[in-house]
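Tertiary structure, described
Okay, here's what each chain looks like letter by letter:
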Amino acid sequence: MYDLVIVGGGIAGLCAALAAPEGARIVVIDKGEARAGSSPLAQGGIAAAVGPEDSPDLHAADTIKAGAGICDEQTVRDICAEGPRVIAWLQELGCDFDRSPDGALDLAREGGQTVARSVHWRDATGQEIVRALRRAVQGRNVERVSAPATGFIAIDGTCHGVFTAEERYPAGITLVATGGAGALWGRTTNAQGATADGIVLAMQAGTQVADLEFMQFHPTALDDGSPTQRILLTEALRGEGATLHNERGERFVDELAPRHVVTKAILEQASVTLDCTQILDLERRFPTVVAGARARGFDPVTTPLPVSPAAHYFVGGIAADASGHTSIPGLFAAGECAATGMHGANRMAGNSLLESVVVGRRVGELAALGTSKGRFIHMPLAVARWRPPIVEADPEIAPIMWDDVGPIREETRLHEAIAQLSKLEPTGHTELCLMIARAAAARLESRGVHIRSDYPDQDSAFATRSFDQHHAHAR
Ligand SMILES: Cc1cc2nc3c(=O)[nH]c(=O)nc-3n(C[C@H](O)[C@H](O)[C@H](O)COP(=O)(O)OP(=O)(O)OC[C@H]3O[C@@H](n4cnc5c(N)ncnc54)[C@H](O)[C@@H]3O)c2cc1C
């Protein structure tokens, strides 16, 4: 029996392992380095109010504004208040964030931030944080298992651990920290393993899910024609002065407007380039971007780069509070797979790393207590039935999701997606995509990252988050 079983060894999962009390029995189950999640890919930085002109209140106000009216404001304030402590903790663990010549932390300004707020290490912040966390975890008594989790041990509405194909891992606390869903859309900045497995498993166990219609498309992925993973050209490039140009060479949008605004503006042009050539010291400051672009045949030092949007961050997920509690006792969620309400209808830059650290650590701290007696989201609990184990996402899903549930949505296309998805084998991934398409079809407005060409305005009748449960749907 474990005190804490963690599914997913990204930043949220590793933070939980480190925050658990000494002596707790912990296992981290991850489906593997080669298919690893988004944490090592994070570029721009982790948002925290550590600058002289910043404050947690200002950070919260920016986050709530970007969230377009449906953030859980208490959660936002709670998590933003933790920002400075999170940075101090990461530094204690050995994270070597960049500093300006006066010795203060060097802060990048990204979309939606009133003041520069993203603490970073060059353009590879996630890699640096993961390096420090992995090293710290090595010094702890944490078991590592390399395998996909295939189900939860759920009895009478309570979670008691995790299955893999080979083994059972019974536990007092089960944390889902399996990251995002970008690969379900094909054209994405995420790794190909980002197929929302943990959300699917939790959903199959009857957990409440939320905000499924909100997928954030990053405006500036390198448009090299790839139908799958694309290189992210971080927003921090635009913060340093990179400019967007249409096919006539004209600038057409405020480069630091929130992501959904820039995404929509780009999609209204015939073709778009990002000109980074005027950034001084581009190779030193953005080595990941420069190396990645050169590997795909583009040189950002000399030539503007072709860009277009790609699926980037899944705002929706397992409904959870700011301490990771879900609607099922014993089951917790943290990081990108969780929907805490922090991001509302649109995630602001740098906030996902912050949320992953804060919520991950809080779940870890509960470990010695066994199944938490804390507050649960009130929702009738489904008695979890046995379901077929999770299988790989059907490759036919991605083109449907990109074409019909992409950055700009419309009723006919959404219903086409529902019809097409309904014809596929009813796996957990297909069921989740159906729920995403239905949620998008039901929100008859444009809000945050959910943009409807047939309902272009925000409508106060829809100024609430959406919650759902799998058994509510019959095919
Ligand atoms: C290119 C890119 C750049 C980004 N830049 C930033 C940034 O600058 N700032 C910011 O705040 N956010 C950024 N983000 C978002 C941020 O990186 C992620 O939201 C965050 O790292 C998620 O962390 P996580 O621990 O929840 O999940 P992940 O880091 O994705 O880890 C999930 C882990 O779960 C494992 N897993 C998945 N399914 C299973 C299964 N069935 N069984 C076992 N293991 C499983 C995966 O292998 C993976 O290791 C970026 C994302 C991308 C893709």
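Just above sits the structure.
It should be emphasised that the depicted structure is a prediction, and the values quoted were computed from it without experimental measurement.

A few points about the overall build of the chain
Looking only at helices and strands, one finds 14 helices and 20 strands in the chain. A compact globule built from 475 residues should have a C-alpha radius of gyration of about 23 Å, and the chain, at 21 Å, falls within 12% of that. With respect to the principal axes defined by its C-alpha atoms, the chain has extents near 60 × 55 × 40 Å. Expressed as a percentage of the 475 residues in the chain, the buried residues total 61%. Residue pairs at least 24 apart in sequence account for 72% of intrachain contacts in the chain once pairs closer than 6 positions are excluded. Total accessible area on the chain is roughly 17900 Å²; 52% of this is exposed by carbon and sulfur atoms. Side chains of the chain carry 43 positive and 59 negative charges; the gap between the two charge centres is 2 Å.

Some points on unusual backbone geometry
At Ala68, a residue that is not glycine, the phi angle is positive and equals roughly 55 degrees. With a relative accessible area of 12%, Ala68 lands in the buried category. Positioned with a positive phi, Asp281 is a non-glycine residue whose angle comes to about 65 degrees.

So, the nonpolar core
Nonpolar side chains in soluble globular proteins tend to end up buried together. Ranked by size, the top nonpolar core spans 56 residues in total, and within it Phe152, Trp185, Val405, Leu421 and Leu432 carry the most contacts. Broken down by element, the residue count for this core peaks at 9 residues, all from helix H14 (residues 428-442). Residues from two domains meet in this core; each of domain 1 (2-209 + 315-369) and domain 3 (395-462) gives at least three. Within the second largest apolar cluster, 53 residues are counted, among which are Ala12, Leu105, Val142 and Val359.

Considerations on the side chain of His260
With respect to the secondary-structure elements, His260 resides in helix H8 (residues 259-267). Other than its neighbours up to four places away in sequence, His260 contacts Asn346, Gly448, Val449 and Ile451.

Description of H8
Residues Arg259, His260, Val262, Thr263, Ala265 and Ile266 constitute the buried set of H8. Those residues of H8 that are buried lie in contact with strand E11 (215-222), helix H7 (235-239), strand E12 (243-246), strand E13 (272-275), strand E14 (305-314) and strand E19 (451-452).

Some thoughts on the sheet that holds strand E3 (residues 46-47)
If you walk across this open sheet you meet the 3 strands as E3-E5-E4, and the pairing is antiparallel. The open sheet has two free edges, formed respectively by E3 and strand E4 (107-108), since each of these has just one partner strand. When E3 meets strand E5 (residues 118-119), the two strands line up antiparallel, connected through 2 bridges. The residue of E5 that forms the bridge with Ile46 is Val119.

Regarding the pattern of salt bridges
By the definition in use, this model includes 27 salt bridges. Close ionic contact of Glu128 with Arg131 constitutes a salt bridge, the shortest N to O distance being 2.8 Å. Residue Glu128 and its partner Arg131 are both found in helix H5 (residues 125-138); the two are separated by 3 residues, about one turn of the helix. For Glu128, a relative accessible area of 5% gives the class buried. Looking at Arg131, the relative accessible area reads 36%, which means it is partly exposed. Where Arg294 meets Asp299, a salt bridge forms, and the shortest distance between an N and an O atom there is 3.3 Å.

Digging into the packing of aromatic side chains
Summed over all chains, the structure comprises 4 aromatic pairs. Relative to Trp402, the ring of Phe217 has its centre 5.7 Å away and its plane inclined at 70 degrees; by these criteria the two rings are edge-to-face. Pair noted here: Phe217 is in strand E11 and Trp402 is in helix H12 (residues 397-404), with a separation of 185 residues, a long-range link. Of the two residues examined, Phe217 and Trp402, each falls in the buried class.

Quick word on the pairing of strand E2 (residues 26-30)
Of all the 5 residues making up E2, 4 are buried; the element is thus mostly covered by neighbouring parts of the structure. As defined by bridge partners, strand E1 (residues 2-7) adjoins E2 across 4 bridges and the pair is classed as parallel. Bridge assignment links Ile6 to a residue of E2, and that residue is Val28. For the segment spanning E1, helix H1 (residues 11-19) and E2, crossover handedness is right-handed. Note that E2 and strand E6 (residues 142-146) share 5 bridges and pair parallel.

Things to note about the site of the ligand
Taken together, 39 residues lie near the ligand, and Asp30, Ser39, Gly45, Glu336 and Ser352 sit nearest. For the ligand, a nitrogen atom lies 3.0 Å from a polar atom in the backbone of Lys31. For the ligand, an oxygen atom lies 2.9 Å from a polar atom in the backbone of Leu353. Considered on its own, the ligand offers 1000 Å² of accessible surface; in the complex 97% of this is hidden by protein. Elements with a minimum of two residues in the shell around the ligand: H1, E2, E14 and helix H11 (351-365). Broken down by element, the residue count for the shell around the ligand peaks at 4 residues, all from H11. Tallied by class, residues from the shell around the ligand come to 14 nonpolar, 19 polar and 6 charged.

About the cut-offs
- Positions within a chain are numbered from 1, following the residues in the order the chain's sequence is written.
- In view of the model being predicted, local features appear only for residues whose pLDDT reaches at least 70, and side-chain atom pairs are presented and counted only at 80 or more, with totals across whole chains, interfaces and linings using the full set of residues.
- Processing note: side-chain calculations cover all non-hydrogen atoms of the structure and skip hydrogens and water entirely.
- Numbering of helices and strands runs from the N terminus; a helix is a DSSP stretch of H or I covering at least four residues, while a strand is a stretch of E covering at least two.
- It is over C-alpha atoms that the radius of gyration is taken, and the globule rule equals 2.2 Å times the number of residues to the power 0.38.
- Each residue's exposure class comes from its accessible area (1.4 Å probe, protein chains only) as a fraction of the maximum for that residue type: buried when under 20%, exposed when over 50%, partly exposed otherwise.
- Pairs of residues are marked as contacts when any of their non-hydrogen atoms sit within 4.5 Å.
- Each accessible area is a Shrake-Rupley result for a 1.4 Å probe, and residues are judged covered by the shown protein chains and nothing else.
- We score Asp and Glu as negative and Lys and Arg as positive, and we do not count His or the chain ends.
- To locate a charge, take atom NZ for lysine, CZ for arginine, CG for aspartate or CD for glutamate.
- Nonpolar core, defined: a set of buried Ala, Val, Leu, Ile, Met, Phe, Trp, Tyr and Cys residues in which side-chain atoms within 4.5 Å join the residues together.
- Just so you know, the domain bounds were taken from an automatic or database domain assignment.
- Two strands form a pair only when DSSP identifies at least two bridges running between them.
- Throughout this description, the term salt bridge denotes a Lys or Arg side-chain nitrogen within 4 Å of a carboxyl oxygen of Asp or Glu.
- For Phe, Tyr and Trp, where Trp contributes only its six-membered ring, two rings pair if their centres lie within 6.5 Å, and the inter-plane angle classes them as stacked under 30 degrees, edge-to-face over 60, or tilted in between.
- Look down the strands so they point away from you; if going from the first strand over the helix to the second traces a clockwise path, that crossover is right-handed.
- If even one non-hydrogen atom of a residue comes within 4 Å of a molecule or strand, that residue is called near it.
- Whenever two N or O atoms come within 3.5 Å, that pair is a polar contact, provided that in protein one can donate a hydrogen and the other can accept it, and provided that, for residues adjacent in sequence, both atoms are side-chain atoms.
- Asp, Glu, Lys and Arg are counted as charged, while Ala, Val, Leu, Ile, Met, Phe, Trp, Tyr, Cys and Pro are counted as nonpolar; the rest, among them Gly, fall into the polar class.

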